[in-house]
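Observations on chain architecture
If you want the building blocks of each chain, they are given just below.
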Amino acid sequence: MLALSVCALAAALPAADAQQRAAQQQRPVQRGGESAGELHWWPVRKNIWMLVGAGTNIAASVGPDGVLLVNAGTADKSARVIAAIKELQAQLNAFGFLDVMQPQRGGAETRSRFPVNTHAPPKPVRYIIDTSSLPHSVGGNEAIAASGVTYTGGNVAGTIADSSEGAAVVAHENVLNRMVERDMPFGALPTETFFTAEYKVSTFFNDEGVQVVHVPNAATDGDSFVFFRGSDVIAAGDLFNMDSFPIIDVESGGSINGVLAGLNAILKLAIPEFRTEGGTMVIPGHGRLGDSADVGYYRDMLTIIRDQVQALIDEGLTLEQVIERKPTFGYEARFGSNSGPWTTEMFIEAVYRSLKETSKS
Amino acid sequence: MGFGAAATMNSITIARSRQTRALRGHVMRKVRRLRLAVASFAAVIGGGAATAQMDFSGEWPVVRSQDNQDNPHLGEYVGIPLSREAIRRAEIWDASIQSLPEWQCRPHSAAYIKRGPSNLRVWKEVDPASRQIIAFQTEWLRSTNTPIYMDGRPHPPEYAAHTWGGFSTGTWEGDRLRVETTHMKEDYYRRNGVPQSDTARLTEYLIRRRFQNEDYLTWVIVAYDDVYLTEPLIRSTEYRLNLAQLVPPYPCTIVTEVVRPEGYVPNWLPGKNDQIYSFSDFYGLPRELYFDGAETMYPEYRNKLERVGATAARRAPGRE
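Note that residues are indexed from 1 along each chain, following the sequence as it is written. Labels are handed out in written order, letters beginning with A for the chains and numbers beginning with 1 for the ligands. Totals for whole chains, interfaces and linings use all residues, but because this is a predicted model, local features are given only for residues with pLDDT of at least 70 and pairs of side-chain atoms are given and counted only at 80 or more.

This part covers the sheet that holds strand β5 (residues 125-129) of chain A. Residue and element names in this part refer to chain A. If DSSP finds at least two bridges between two strands, the strands pair. Helix and strand assignments come from DSSP, with helices taken as H or I runs of at least 4 residues and strands as E runs of at least 2, each series counted from the N terminus. The strand order β1-β2-β3-β4-β5-β6-β7 describes an open sheet built from 7 strands, whose pairing is mixed. Single-partner strands in this sheet number two, and they are β1 (40-45) and β7 (192-194). Taken pair by pair, the neighbouring strands of this sheet meet at an average axis angle of 20°, ignoring direction. Bridge count between strand β4 (residues 66-70) and β5: 4 bridges; the pairing is parallel. Among the inter-strand pairings, V67 is bridged to a residue of β5, identified as V125. Taken strand by strand, helix α3 (residues 78-94) contacts β1, β2 (48-52), β3 (58-63), β4 and β5, and its axis lies near 35° from that of β3. With respect to the sheet, helix α7 (residues 173-181) is in contact with β6 (168-172) and β7, its orientation differing from that of β6 by roughly 100°. Convention adopted: a line fitted to C-alpha atoms gives each axis, helices being fitted over their contacting stretch, and angles between N-to-C directions are expressed from 0 to 180 degrees. Once C-beta atoms have been placed from the backbone, residue pairs whose C-beta atoms lie within 7 Å are recorded as contacts.

Right, dumping it as structure tokens:
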């Protein structure tokens, strides 16, 4: 059954009539094919939405230019993500929010075309930006990219026959390298890579610039965060998780100091609206929506834990001894876990190992 | 030992003894206040339901006769049912963190602002058609506006953003207003590093009453926090209506207060913070007292204090 968060959608559409919203809550739109399942949309600002439940939070720019996603979720959720995007577009279309055509209002002509208009079909997914090589970021690349399109023409279309097949997948080149190491399918690999500190989507997308900022050696060695410059929204990827300690894959080049550098870079960009609240909104890799104050807290916590682990290393303690001293105590009930794919001990080990490796180099 | 030294030791002994008595008095006052708060809370929730509603609009200076006018000591955690993790957080907290840019313009959050000395303003937002109250808007000096929605809207889902004021909805229980608040940011229960988690929620009661020709607003706050509290924390504050009051603007500018390395966050390593003994040392008491958490909320705690106080007196310099 569709569990698209219609109330969230309604909150973003102030023009919508309350009765209409209530009716939609009671009778969610049902369509053929895969449903959105337990995925939920939450409006962030302007064209930017947060999709919750796909293995990671997916940030989406949805508008007249089509759809740009930051991360693709896990592979098993791809069909639901595609369905959720179509549902969102259908509902935005129903209120005319994606319709680029304007009603005729020339001269004495004041009639609206809306009573007889049918709305345009949903626009395609055109870009996926992977913020790391972790499976919950890139797992859905293949299926979601295949459902999209890249607009090409001229020489490109003539010489590279498949250049318009599927959406473009953008990532730092280390993401591509890690995915190749893992023998991921060709269709899942990034189609546009960069090796510089920043990458910009070449033109405005849905009325704003989109900037990708590389953060070296954070969760992995290919991490980035994405800044939607008009909406003033940052998709932080795995640098910032509101429901766990950050995942740090040391084998793939991750480090605690890299995560902290990324968080401090986000704080440099972010400007609060009032009293350190709101303003630049930050979509975390996991957990609830945040802002600069939340990123500040997360940065503070990780710095304090880093300092404690470093002090214990300086005392000459082994990893087992460091774990026994519980440097995460104070934050475990909120962010820790004793089970699942990312436990508190795994986090402490990652911090310890990355600090030890830093001290060697 | 010379005369001067003996006199000094005697002074210390007397001072220590006074401090011990002062602590007993200090904690007993807190216990009495807590009992008053519990009693008023019980009176609040125990009253029968009525159909009347109440208007809370107006300018409300806080009645500064409770424990809301002095800064707390570092390490003063009595009266708060802190978890062990909360005590660790408080122990490693360094007050100079407040000088970081991300901390400079923060207001107090919903769980604390009513306990501070900030003046309150309340006004009604009314539906233009039905004339029903949509929300009571509340504003404290140095804080953010927080609406208490009265129109039956649901609380946001768990993945929505949190704010300092949280998200509040109100329902009438007779002429008192019951308020449920969720979606707060992380903050503190006391301004000495005692943490409040962002998963905490509040149940609050607003009671307006008239006493000796003056209008009073009693604001009861019950905090539930699975992360940092082992039991609910119940506190209350009194406001007195004064229509001549103004809540002035309180702008804030973020500046670089201290030149530090990028990314530096002030904090104490566990076991290294001597400042948290400020409270126990000031009153001449053993330092382990403040680890007692919820125990410090109850009247029986005075028995333990008596025992500990006697020990402290025996340990005082000049008696050995």
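Moving on from the coordinates now.
Bringing the confidence of the model for chain B into the picture now. Residues and elements named next belong to chain B. Known as pLDDT, the predictor's per-residue confidence is scaled from 0 to 100. The share of residues in chain B with pLDDT of 70 or more is 78%, and the mean pLDDT across the chain is 82. When pLDDT is averaged over each helix and strand of chain B, the minimum, 44, is found for helix α1 (residues 3-46) and the maximum, 98, for strand β6 (residues 176-182). Overall, residues 1-24 carries pLDDT values under 50, and its contacts beyond four positions in sequence, including any with other chains, amount to 28 contacts. This stretch, residues 34-50, has a pLDDT under 50; its non-local contacts, to residues over four places away or in other chains, come to 23 contacts.

All names here are of chain A. For the pair helix α8 (residues 256-269) and helix α9 (residues 292-314), interaxial distance at closest approach is 10 Å and the crossing angle is 155°. Between α8 and α9, the crossing angle belongs to the class labelled roughly antiparallel. In the crossing of α8 with α9, the sense of the turn from one axis to the other is left-handed. From α8, I256, V259, L260, L263, N264, I266 and L267 reach across to α9, where they touch S292, V295, G296, Y298, R299, L302, T303 and R306. Should an angle lie under 35 degrees it is considered roughly parallel, over 145 roughly antiparallel, and from 65 to 115 roughly perpendicular; all remaining angles are considered oblique. By convention, the crossing between two helices is left-handed when the near helix turns anticlockwise from the far helix through less than a right angle, and right-handed when the turn is clockwise.

A few words now on the environment of H40 of chain A. Secondary-structure assignment places H40 of chain A in strand β1. Here the alpha-carbon distance between H40 of chain A and I266 of chain A, two residues 226 residues apart in the chain, equals 25 Å.

Here we take up the interface of chain A and chain B. Counting residues at the interface gives 32 residues for chain A and 29 residues for chain B. Mapped onto the side of chain A that touches chain B, the elements with two or more residues apiece are β1, α8, β13 (290-291), α9 and α11 (332-335) of chain A. Element by element, the count of residues in the side of chain A that touches chain B is highest for α9 of chain A, at 11 residues. A per-class count over the side of chain A that touches chain B returns 13 nonpolar, 10 polar and 9 charged. Basically, the charged four are Asp, Glu, Lys and Arg, the nonpolar ten are Ala, Val, Leu, Ile, Met, Phe, Trp, Tyr, Cys and Pro, and anything else, Gly included, counts as polar.

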